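Below are the chains, spelled out letter by letter.
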Amino acid sequence: MKAAVFHGKKNLKVEEVELPRPKHDEVIIQIKACGVCGTDLHIYEGAEGAAKCTPSTILGHEFSGIVYETGSLVQSVKPGDRVCVDPNDYCGHCYYCRIGKAHFCQNMIGIGTTTNGGFAQYCVVREKQVYKVGGSLSFEEAAMAEPVACCLHGMDLTGVKTGDTVMVIGGGTIGLIMLQLAKLSGASTLVVVETEKRKRELAIRLGADIAIDPISQSIGDMLEKYGVKSVDAAIECVGLKNTMEDAIKYVSRGGTAMLFGLTEPNCEIPLMPFDIFRREITIKASFINPYTQTRAVALLESGKINVKDLITDELSLNEINKVFEDNSYRNRGKVIIKP
């Protein structure tokens, strides 16, 4: 089968590899759609994503497809079923798994990071990582279940309440998912801060009340202009030093700054403890998607969250290097690889 294999920094090759075979508790999935994530880009550039990735691993962890073959003990799915995958496979017996914090699992298997993933024609995963999806969802939409699940965990931690004002910094795929989740959580005022006009316009269509261009406009002045008295939650979805600082700067007294974007591992930002004390703000971060995949699939199937309009490009597996070499793809929005 064909697969995109990571051989080291800026070295991703599409090549023929052996078709995997399922163990007794495993499922072989014929991949129909696999999203390119910021984690994939970080790994390609030589940085660490959510988990360390060693060469030669097949990347890709946001994917959906059709069950091709099952192991002898698999009961929940059968060949022909339409499915998506939770790529974070917890061991179930380490300290963190046993205290209900499995996303900090000390023996975690990351499909597409620590073991072979979805930038391939087929992928093998354990049955417990597989989730059925209904026929109303396209494979492209179903592949978005993983990023939606990650955002759900972040939104849970942010604690947005009915009537809150929420500022989302970054109008990319993650930011626009967060925007929609904040709206569903009952936020009364939604502010998006985004440099690209097309993304600001899409944010307005998806429910934003205010869209600010931080290049040509002052965030503080625009909040004042629109009568925003407080920002109860500022959700950073870019992963840059200055945007992290903005989330902390603009969240109001008693509010929560959610630092969701993935930075470089050595990124540092200054903090003034007295300022945090005086404003009594909470600074949080969010790591992967514990226990949220089922909710993500349900949300997508309900049609109450729109991921279709976030997908800007669909490429074949043979074209995958274009995404990693040409920044314009990642700047536009979500790219789906169709093996």
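Bear in mind that the values here come from a model prediction, so they are computed numbers and not experimental data.

Caption draft 1: Inspection of helix α6 (residues 197–205) at higher detail. Taken together, the buried positions of α6 are occupied by Lys199, Arg200, Leu202 and Ala203. Down the axis of α6, the buried set is contained in an arc of 160°. They therefore lie on one face. Among the exposed residues of α6, those oriented more than 90 degrees off its buried face are Lys197 and Arg205. At its buried positions, α6 is contacted by α5 (173–184), β12 (189–193), β13 (210–212) and α12 (327–332). Downstream of α6 by a residue or two, Gly207 has a phi angle that is positive, lying close to 125°.

Caption draft 2: Structural context of the packing of helix α4 (residues 145–158) against α5. In the contact formed by α4 and α5, the axes pass within 10 Å of each other and the chain directions differ by 55°. When the axis of α4 is compared with that of α5, the two are oblique. Considering the relative orientation of α4 and α5, their crossing is right-handed. On α5, the residues that touch Pro147, Val148, Cys151, Leu152, Gly154 and Met155 of α4 are Ile174, Ile177, Met178, Leu181 and Ala182. Grouping the amino acids of the contact of α4 with α5 by side-chain chemistry returns ten nonpolar, one polar and no charged.

Caption draft 3: How the structure looks around empty space enclosed by the protein. Counted under the stated rule, the structure contains one cavity of 30 Å³ or more. In this model, the largest cavity occupies a volume close to 60 Å³. Broken down by element, the residue count for the lining of the largest cavity peaks at three residues, all from α6. Partitioned by chemical class, the residues of the lining of the largest cavity number three nonpolar, five polar and four charged.

Caption draft 4: Seen up close, unusual backbone geometry. Here the amide bond leading from Pro55 into Ser56 is cis, since omega sits at -5°, within 30 degrees of zero. Relative to the elements of secondary structure, Ser56 occurs in the loop between α1 (38–44) and β4 (57–58). Look at Lys10: it is not a glycine, yet its phi comes out positive at around 55°. With respect to the helices and strands, Lys10 occurs in the loop between β1 (2–8) and β2 (11–16).

Caption draft 5: Representation of the state of the cysteines. With the rule as written, the count across this model stands at zero disulfides. Cys37 takes part in no disulfide bond, and the closest cysteine sulfur to it belongs to Cys150, at a distance of 7.4 Å. Exposure remark for Cys37: the relative accessible area of 15% places this residue in the buried category. Of the cysteine sulfurs around Cys53, a residue in no disulfide, the closest is that of Cys37, at 13 Å. Under the relative-accessibility criterion, Cys53 is labelled buried at 16%.

Caption draft 6: Geometry of the packing of α4 against helix α10 (residues 293–302). Running from N to C, α4 and α10 cross one another at 110°; their axes reach a closest spacing of 8 Å. Comparing their axes, α10 and α4 come out roughly perpendicular. The hand of the α4/α10 crossing is right-handed. For the pair formed by α4 and α10, the contact residues are Ala145, Glu146, Val148, Ala149, Leu152 and Asp156 on the first element and Gln293, Arg295, Ala296, Val297, Leu299 and Leu300 on the second. The class makeup of the residues in the contact of α4 with α10 is eight nonpolar, one polar and three charged.

Caption draft 7: Highlighting the sheet that holds β2. Read from one edge to the other, the open sheet built from three strands follows the order β2-β1-β4, with strand pairing classed as antiparallel. Strand pairing shows two members of the sheet lacking a second neighbour, β2 and β4, which therefore form its edges. Of the strand pairs in this sheet, β1 and β4 are connected by two bridges, and their pairing is antiparallel. Bridging from a neighbouring strand, Phe6 pairs with Thr57 of β4.

Caption draft 8: Layout of a nonpolar patch on the surface. Together, Tyr95, Tyr96, Ile99, Phe104 and Phe287 make up a nonpolar patch on the protein surface, roughly 470 Å² of accessible area in all. Of the residues examined, Tyr95 reaches a relative accessible area of 52% and is grouped as exposed.

Caption draft 9: Quick peek at α4. End to end, α4 covers 20 Å across 14 residues, agreeing with the expected 20 Å (1.5 Å per residue, within 8%). Counting buried positions along α4 gives twelve out of 14 residues, so the element sits mostly inside the fold. Looking at α4, one finds that the buried residues are Ala145, Glu146, Pro147, Val148, Ala149, Cys150, Cys151, Leu152, His153, Gly154, Met155 and Thr158.

Caption draft 10: Seen up close, the environment of Val166. In this fold, Val166 is placed in strand β11 (residues 165–169). Sequence separation between Val166 and Cys37 is 129 residues; the distance between their C-alpha atoms is 24 Å. If we ignore the near neighbours within four places in the chain, the residues touching Val166 are Val160, Ala182, Ala187, Thr189, Leu190, Val191, Ala233 and Ile235.

So, how was this worked out
- Residues numbered from 1 in each chain as written.
- Predicted model: local features only at pLDDT ≥ 70, side-chain atom pairs only at ≥ 80, totals over all residues.
- Heavy atoms only, no water.
- Buried < 20%, exposed > 50% of the residue type's maximum accessible area, 1.4 Å probe, protein only.
- Helix = DSSP H or I, 4+ residues; strand = E, 2+ residues; numbered from the N terminus.
- Arc of directions from axis to C-beta.
- Contact = heavy atoms within 4.5 Å.
- Axes fitted to C-alpha atoms, helices over the stretch in contact; angles between N-to-C directions.
- Parallel < 35°, antiparallel > 145°, perpendicular 65-115°, else oblique.
- Left-handed = near helix turned anticlockwise from the far one by under 90°.
- Nonpolar A, V, L, I, M, F, W, Y, C, P; charged D, E, K, R; others polar.
- 1 Å grid on protein atoms, 1.4 Å probe; cavity = no way out; pocket = protein on both sides within 12 Å on 5 of 7 lines; lining within 4 Å.
- Points joined across faces, edges and corners; volume = space filled by probe spheres on them.
- Disulfide = S-S within 2.5 Å.
- Pairing = 2+ DSSP bridges.
- Patch = residues over 30% accessible without salt bridge, like charges linked within 9 Å, V, L, I, M, F, W, Y side chains within 5 Å.
- Areas by Shrake-Rupley, 256 points an atom, 1.4 Å probe, with all protein chains shown as cover.
- Salt bridge = Lys/Arg side-chain N within 4 Å of Asp/Glu carboxyl O.
- Expected span 1.5 Å × (residues − 1).

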